[in-house]
Amino acid sequence: MSTSTETPAYSAGEFAHFAQDPASITAQGIRLSASDAERFTNWRWQITHQITTASTARTYFPLNQEEERGFTSLEGLFKTGVTPYYLTLAAQEQGGGAIRLQALPRQEEEDDLLGLMDPLQEKSHSPVKEVVHVYPDRVAFCVAMLCPVYCRYCYRKRRDEEEGLHYNRKIVEDGLAYIASNPAIKDVLITGGDPFIASDQSIETLLRRLRQIPHVEIIRFGTRTPVTLPYRVTKELAAILAAHHPVWVNTHFNTAEEITPEASQAINNLLSHGIPLGNQSVLLKGINDSSAKMMALCRKLIINRVRPYYVFHPHLVAGTAHLRVSLREGQGIMKSLRGNISGFAIPRYIVDTPSGKVPLDYNYVLAADGDDLIIEDIHGEIWRERDVQP
Ligand SMILES: *Cc1c(COP(=O)(O)O)cnc(C)c1O
Ligand code: SF4
């Protein structure tokens, strides 16, 4: 990878959890040489040691038949890759294997008849390559194609074909020119792939160029690095972002177990630089599709001062049939949060369509009767809210 020639951005001591005790890694059954263990908290080491084959994955834990076959049969169909950090979490997890399901390929990805490659028709909503312009005041700018972990449910699985795109100079220049020539764009959402997979310099240059455009008010990043590669979110990176405020970051935890001490450190590095954090999850079968799991996730997010923002209903993405949840189940899970956890811990339940996001939250307004509304409370009791005009 081209980025590996640059100097590591890792600062010793910041992620002390693994760094100071390499034995804590080897003790978990993961065979790392002493020098590898020392470099475990270096994010570039993590990227260059991304696990892409069954034989390497097997050194972490035995694979089941679905996974074994997934590694071979999906070759050339969907990209596979997991950071040593995230695979270590998978090795440690008890029970259902929510992390494993998100990260390891499974043969059943081949058996999805309904799935689409580009469910949001993003290509047709991109006036220039990799700028998705659906709302008048904001765009999604996909600057990176690579990710530390290739989430099995990703709705940008089609990116797997787009080898050339990674902070590609022409794509970035054309995107910046489009944004600069559209004064209505106030909010630029930098996404990918994972935009934090790039070097500090690339991110700093992109931010500097965006800040030269007077009508851009808000810059947001969508990144899964706090989950899949927390060592990337160094204090140095946070300082670069903070130099271009207002910068917001949305991350992507799907389960409470993913919020490890390393993830908390990454979150803290951003928060301590005044960067507000939100979380977007995807509702996924066997991963977070119960009221208890969703509640645990939302609670742990707010304890870490991350505001739950959206929970996405899973798209009809090719290769994801085994992870999909029905709309009824989704509405039931999301409804169960209201009244049971802090209001600001409750994200909106969203289905994304080619022309924008639509909230699917339970509708407590049952009917209109004249100007009055017939409403239901969280206990299922029915009320009439009188429309009393002054
Ligand atoms: C999700 C999305 C946004 C941001 O939407 P918010 O609801 O403001 O978070 C912007 N543009 C596109 C194309 C998107 O998909
Ligand atoms: S990090 Fe995001 S873009 Fe990358 S594979 Fe996961 S869901 Fe997709």
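Residues numbered from 1 in each chain as written. Chains lettered and ligands numbered in written order. Predicted model: local features only at pLDDT ≥ 70, side-chain atom pairs only at ≥ 80, totals over all residues. Heavy atoms only, no water.

**Q** Tell me about unusual backbone geometry, and name the residues and values.
**A** Cis geometry is adopted by the peptide bond preceding glycine 193, which originates at glycine 192 and carries an omega value of 10 degrees. Within the fold, glycine 193 resides in the loop between strand E3 (187-191) and helix H10 (200-211). Here the bond from histidine 245 into proline 246 is cis, since omega is 0 degrees, no more than 30 degrees from zero. Summarising the element assignment, proline 246 is placed in the loop between helix H12 (235-242) and strand E5 (247-251). Even without being a glycine, glutamate 130 presents a positive backbone phi close to 75 degrees. Given a relative accessible area of 7%, glutamate 130 falls into the buried group. Phi is positive for arginine 305, which is not a glycine, with a value near 65 degrees. For arginine 305, the location among the structural elements is in the loop between helix H14 (291-303) and strand E7 (307-312). (Helix = DSSP H or I, 4+ residues; strand = E, 2+ residues; numbered from the N terminus. Buried < 20%, exposed > 50% of the residue type's maximum accessible area, 1.4 Å probe, protein only.)

**Q** Please provide a residue-by-residue account of the nonpolar core, values included.
**A** Counting 85 residues, the largest nonpolar core has Phe221 and Leu241 as the members making the most contacts within it. Each of domain 1 (12-110) and domain 2 (123-359) gives at least three residues to this core. Excluding residues within four positions of it along the chain, phenylalanine 221 makes contact with Leu189, Ile190, Pro195, Phe196, Ile203, Leu207, Leu241, Val247, Trp248, Val249 and Asn250. (Core = buried A, V, L, I, M, F, W, Y, C linked by side-chain atoms within 4.5 Å. Domains from an automatic or database assignment. Contact = heavy atoms within 4.5 Å.)

**Q** An account of the confidence of the model for the chain is needed here, citing residue identities and associated values.
**A** Scored by pLDDT, the chain has a mean of 88; 88% of the residues are at 70 or more. Segment residues 16-23: pLDDT under 50, and 17 contacts once partners within four positions in sequence are set aside and those in other chains are kept. (pLDDT = per-residue confidence, 0-100.)

**Q** Tell me about the environment of tyrosine 310, residues and numbers included.
**A** Its location among the elements puts tyrosine 310 in strand E7. Of the residues examined, tyrosine 310 reaches a relative accessible area of 14% and is grouped as buried. A C-alpha to C-alpha distance of 8.7 Å links tyrosine 310 and isoleucine 346, two positions 36 residues apart in sequence. What tyrosine 310 contacts, discounting residues up to four positions off in sequence, is Asn279, Gln280, Ser281, Pro347, Arg348, Ile350 and Lys357. A distance of 3.3 Å separates the side chain of tyrosine 310 from the side chain of tyrosine 309, its partner in a polar contact. (Polar contact = N/O pair within 3.5 Å; in protein donor to acceptor, adjacent residues only side chain to side chain.)

**Q** Any chance you could break down the side chain of histidine 322 for me, citing the residues and the numbers?
**A** Within the secondary structure, histidine 322 is located in the loop between E7 and helix H15 (327-335). Residue class for histidine 322 comes out buried when judged on its relative accessible area of 16%. Residues within four places of histidine 322 in sequence aside, it is in contact with Arg106, Glu108, Glu109 and Lys285.

**Q** Go over the packing of aromatic side chains with me, naming the residues and quoting the values.
**A** Think of a pair of aromatic rings as described by two things: how far the centres are apart, and how the planes are tilted against each other in angle. All told, the structure shown has 7 aromatic pairs when counted by the stated rule. Relative to tyrosine 231, the ring of phenylalanine 40 lies with its centre 6.2 Å away and its plane at 70 degrees, an arrangement referred to as edge-to-face. Highlighted residues: phenylalanine 40 in the loop between helix H3 (34-39) and helix H4 (43-48) and tyrosine 231 in the loop between helix H11 (225-228) and H12, separated in sequence by 191 residues. Residue phenylalanine 40 is classed as buried on the basis of its relative accessible area of 0%. Geometrically, the ring pair formed by tyrosine 310 and phenylalanine 312 is edge-to-face, given 5.5 Å between the ring centres and 70 degrees between the ring planes. Like phenylalanine 312, tyrosine 310 is buried. Counting every residue linked through ring pairs, the aromatic cluster contains Phe40, Trp45, Tyr85 and Tyr231. A cation over an aromatic ring shows up here: arginine 138 above the ring of tyrosine 135, its NZ or CZ 3.9 Å from the ring centre. The side chain of lysine 335 reaches across the aromatic face of tyrosine 362, ending 4.2 Å from its centre. (Phe/Tyr/Trp six-rings, centres within 6.5 Å; stacked < 30°, edge-to-face > 60°. Lys NZ or Arg CZ within 6 Å of the ring centre and 35° of its normal.)

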